[in-house]
Structure formats: structure tokens, C-alpha cells
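Here are the chains, one letter per residue:
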Amino acid sequence: MAKKAQVIDGTAIAAAMRAELKDEAAALAKRKIVPGLAVVLVGENPASQVYVRMKKKGCAEVGVQSFSHQLPTTCSEKRLLDLIAKLNGDPRVHGILVQLPLPKHIGEAKVISAIDPAKDVDGFHPVNVGRMLTGDPSFLPCTPAGCQALLMRSGFNPAGQHVVIVGRSNIVGKPLAAILMQKAPGADATVTVCHSRTHNLAAITRSADILIAAIGVPGFVKADMVRPGAVVIDVGVNRVDDPSTEKGYKLVGDVDYDAVAKKAAAITPVPGGVGPMTIAMLLKNTIESAKNHNCARL
Ligand code: GUN
């Protein structure tokens, strides 16, 4: 019988990270510095509501103060921009997170650009994106940084490895490629980015030492797309109907988990893989920002 893959436990690794961050926040609190994160949610997207709730829960656990701002779906772009301007000037707020996606009538790029880059703990502001690409210090986007931390903390250093990323979003695929191709510890990978228009996709994914699925299609990566012994990271979080559950749906990733687990050396589950790491990285960025804003007192 085929050997089953090692399951990379993102829940446990993220819990260990939060414990470290809690110690850091406690050390800052002794100096009367309380890291603060403003969480802005526009509208009632159910998935976004869950993410925001989990982000606030993470803040409470590690000792980061969170400030919630819930705006209606009909809220004007100006109202959101005015709120961001206020948060940019609020000394209690070290990080500003505007949960995406935004309603269609609001310009996402305009909103992201309005956030003070020094408070952009999502790492989405063009200044931070540019700094990430050149390898200058910046806030790294939380999901890609979480994938990197997950690999490193489970003993899979990407240095010299062929990393194939399936998906080219601004939130995951593109920044993950930028992070892993850097000449830096935890990076130094040879990176290939594939997407919906890629020819011979399976041939490319089969050449991956580390395969990262971030395309947003449930079960997209099948066993015949994976090299035996590869490490597989599943970034997908897809709701699929399941009448047997209380909620009527279940969460599945972008990887056909059961079949791929028989072939891979290691694999992340969904839920319990990358998701908890995203939140841990957000808390890390917020604490980092609090330190940056108080460097004269440290
Ligand atoms: N929507 C999905 N992922 C993210 C994220 O990492 N940050 C924000 N702000 N919105 C998201």
C-alpha cells in the first residue's frame, strides 16, 4: 500500500507562533506599548465575516488591541477613504486591514493606496509591493509569508528547490513568487508561476519539488499532476455544498487531498493548513509595526 504523506499541521505551527508573539506583546506592554490593529469590513460577505472574526480572536489571544469598523455594503468610497485617513492619524493604530473583496462600486486599488504604507500590515500597498520585489524590508503579505513560514517550520527549506505555484493573484501567487525567489534565508527557490492559460500544466506541476495550489478551484490539483515525494501546500479555501453538515457546506482546498496524500511526501490539510498561518503573520506584522512606530522608546 502507498505510504501516506506527512500532514503539515498549520494549526499547531500557528499556535506556536502565536505563543511567541504573545511573549513579544507582553514585553512591549511592560513599556506601555500596546500593538493595535484596525479591522475594516465593508458589507456582509459571509466568508469575509468569518475571516474578520478569526483575525479579531487572534488579536485578543496574543495581546493586540483590535478596533472593529463595520460599514454597510452601500457605503461610499469617500466614507471608506475618510475612515482610512482617520486611522492613518490614530496613534493607537499600528496596522490597518481592509478586508477584501470590497463591493464593486469601491475602487480596491484606490483604497489600498490610501493606507499609510507604515501601517499596511497586509503588505498590499504599492510601496510595500515594490519593496518586497527588490528585497528591501517591508510588510510581507500574510498568506504568502504564512506559506513560507509553514515550509521552514516543518523542515522544508525552499532553497534551490523548484517551487511551482498554480495561481497568479495579487494576494497569493504573485507575492509568493516574489518572496521565494529572493536571495535570502527561507527563499532562494527556483520559481515557476502557472495559471489558467498555462500550456502543459501537469508536466510543469510534475516537475515541482514544492507545489503550491492557489487557483481557487476545488480539488483542481489531481494526483497525476504531482511528482511522488513532492511537498504540496494547499492555499485554497472553497465552500462546497454538503447537505450532511449542519451548515450545508464544507471547506475544501484546491488539491484533491485524499489522492494526492498517497503520492506526496508532505501535504497541508484544508482547513488547518495555511489558514491559521495567515492570521499569525498578520499579528506578527502588527507587532512589528508597533515596534517601528515606537522605536524611540525601545
Ligand atoms: N481577503 C482574502 N485574503 C485577504 C488578506 O490576506 N487580507 C485582506 N485584507 N483581505 C483578504
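Figured I'd write up the structure that's included with this text. Keep in mind that what you see is a predicted model, and the values were worked out from it rather than measured.

1. A word on the sheet that holds strand 2 (residues 36-42)
And then number 1: Overall, parallel pairing links the three strands, which are arranged 3-2-4 in an open sheet. The sheet is open, and its two borders are formed by strand 3 (65-71) and strand 4 (95-98), each paired with just one other strand. Adjacent strand axes in the sheet meet at a mean angle of 15 degrees, parallel and antiparallel pairs treated alike.
And then number 2: Sitting on the sheet, helix 2 (residues 46-62) touches strand 2, strand 3 and strand 4, and the angle it makes with strand 2 is about 170 degrees.

2. A look at the sheet that holds strand 6 (residues 190-194)
And then number 1: Judged by pairing direction, the sheet is parallel, and its six strands sit side by side in the order 1-11-8-7-5-6 without closing on themselves. The sheet is open, and its two borders are formed by strand 1 (6-7) and strand 6, each paired with just one other strand.
And then number 2: Bridging between strand 7 (residues 210-213) and strand 8 (residues 231-234) involves four bridges; their strand directions are parallel. Within the sheet, the bridge partner assigned to Leu-211 lies in strand 8 and is Val-232.

3. A few points about the site of the ligand
And then number 1: Every residue near the ligand is listed here: Lys-55, Leu-97, Val-98, Gln-99, Leu-100, Asp-122 and Phe-124.
And then number 2: The separation between a nitrogen atom of the ligand and a polar side-chain atom of Gln-99 is 3.3 Å.
And then number 3: In this structure, Asp-122 approaches the ligand through a side-chain N or O atom, which is 2.6 Å from a nitrogen atom.

Reading the values: the criteria
Residues numbered from 1 in each chain as written. Predicted model: local features only at pLDDT ≥ 70, side-chain atom pairs only at ≥ 80, totals over all residues. Heavy atoms only, no water. Pairing = 2+ DSSP bridges. Helix = DSSP H or I, 4+ residues; strand = E, 2+ residues; numbered from the N terminus. Axes fitted to C-alpha atoms, helices over the stretch in contact; angles between N-to-C directions. Contact = heavy atoms within 4.5 Å. Near = heavy atom within 4 Å. Polar contact = N/O pair within 3.5 Å; in protein donor to acceptor, adjacent residues only side chain to side chain.

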